[in-house]
Amino acid sequence: MKYTQNTLDKIERILDEVEYVVRYERGNFQSGYCILEAKKVVVLNKFLQLEGRINTLIDLIPQLNIEPDVLSTEVRRTYDDVLVRAAALAAEK
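Q: Outline the overall build of the chain, listing residues and values.
A: Within the chain one finds three helices and three strands. For 93 residues, the compact-globule formula gives about 12 Å, and the C-alpha radius of gyration of the chain, at 13 Å, lands near that figure. When burial is assessed residue by residue, the chain has 33% of its 93 residues classed as buried. Long-range contacts, defined as pairs at least 24 residues apart, comprise 52% of the intrachain contacts of the chain with a sequence gap of at least 6. Of the side-chain charges in the chain, 13 are positive and 15 negative, and the distance between the mean point of each set is 6 Å.

Q: Describe in detail the environment of Val43, supporting the description with residues and values.
A: Mapped onto the elements, Val43 comes out in strand 3 (residues 41-45). Of the residues examined, Val43 reaches a relative accessible area of 7% and is grouped as buried. With 20 residues separating them along the chain, Val43 and Arg23 place their C-alpha atoms 4.8 Å apart.

Q: So what's going on with the packing of aromatic side chains? Which residues, and what values?
A: A complete count under the given rule lists zero aromatic pairs for this structure. The ring of Tyr24 is capped by Arg53, whose NZ or CZ atom sits 4.1 Å from the centre of that ring.

Q: Tell me about the environment of Asp9, and please be specific about residues and values.
A: Mapping Asp9 onto the fold places it in helix 1 (residues 5-17). Looking at Asp9, the relative accessible area reads 30%, which means it is partly exposed. Separated by 45 residues in sequence, Asp9 and Ile54 place their C-alpha atoms 9.3 Å apart.

Q: Give a description of the nonpolar core that names residues and reports values.
A: Residues Ile11, Ile14, Leu15, Leu57, Ile58, Ile61 and Ile66 are the most contacted members of the largest nonpolar core, which totals 21 residues. When contributions to this core are tallied by element, the ones reaching two or more residues are helix 1, strand 3, helix 2 (50-60) and helix 3 (73-92). Take this core: its biggest share by element is five residues, from helix 3. Sequence-distant contacts of Ile66, defined by excluding residues within four places in its chain, comprise Ile14, Leu15, Val18, Ile61, Leu71 and Tyr79.

Q: Give me the lowdown on the pattern of salt bridges, citing residues and values where you can.
A: One pass over the structure, following the stated rule, counts four salt bridges. In this structure, the salt-bridge partner of Arg13 is Glu74, at a minimum N-O distance of 3.3 Å. With Arg13 in helix 1 and Glu74 in helix 3, this residue pair connects regions lying 61 residues apart in the sequence. With relative accessibility at 33%, the residue Arg13 sits in the partly exposed group. Take Glu74: its relative accessible area is 45%, and that puts it in the partly exposed class. Where salt bridges share partners, they join Asp69, Arg76 and Asp80 into one cluster.

Calculation notes
- Residues numbered from 1 in each chain as written.
- Predicted model: local features only at pLDDT ≥ 70, side-chain atom pairs only at ≥ 80, totals over all residues.
- Heavy atoms only, no water.
- Helix = DSSP H or I, 4+ residues; strand = E, 2+ residues; numbered from the N terminus.
- Rg over C-alpha atoms; globule rule 2.2 N^0.38 Å.
- Buried < 20%, exposed > 50% of the residue type's maximum accessible area, 1.4 Å probe, protein only.
- Contact = heavy atoms within 4.5 Å.
- Lys, Arg positive; Asp, Glu negative; His and termini not counted.
- Charge placed at Lys NZ, Arg CZ, Asp CG, Glu CD.
- Phe/Tyr/Trp six-rings, centres within 6.5 Å; stacked < 30°, edge-to-face > 60°.
- Lys NZ or Arg CZ within 6 Å of the ring centre and 35° of its normal.
- Core = buried A, V, L, I, M, F, W, Y, C linked by side-chain atoms within 4.5 Å.
- Salt bridge = Lys/Arg side-chain N within 4 Å of Asp/Glu carboxyl O.

Encoded structure:
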């Protein structure tokens, strides 16, 4: 997975299709993000660079209750790639 704006857009589409709102704001986030489950809002630290935003979303997406069946085919492929990448990153730690 390349660290490009297109990759970030594809990952954000996953959240968009399951009706999560992604916001980039200032804040004192220890992990780079904050999840407001009840309101389906994900807040990312706006000072993260592109690579940090992508890695943060890759860490975050497996923690959310996402039903893969509701995703479109293209977004489902991206979702599967994110899960594989997240598992690989977790194995490295």
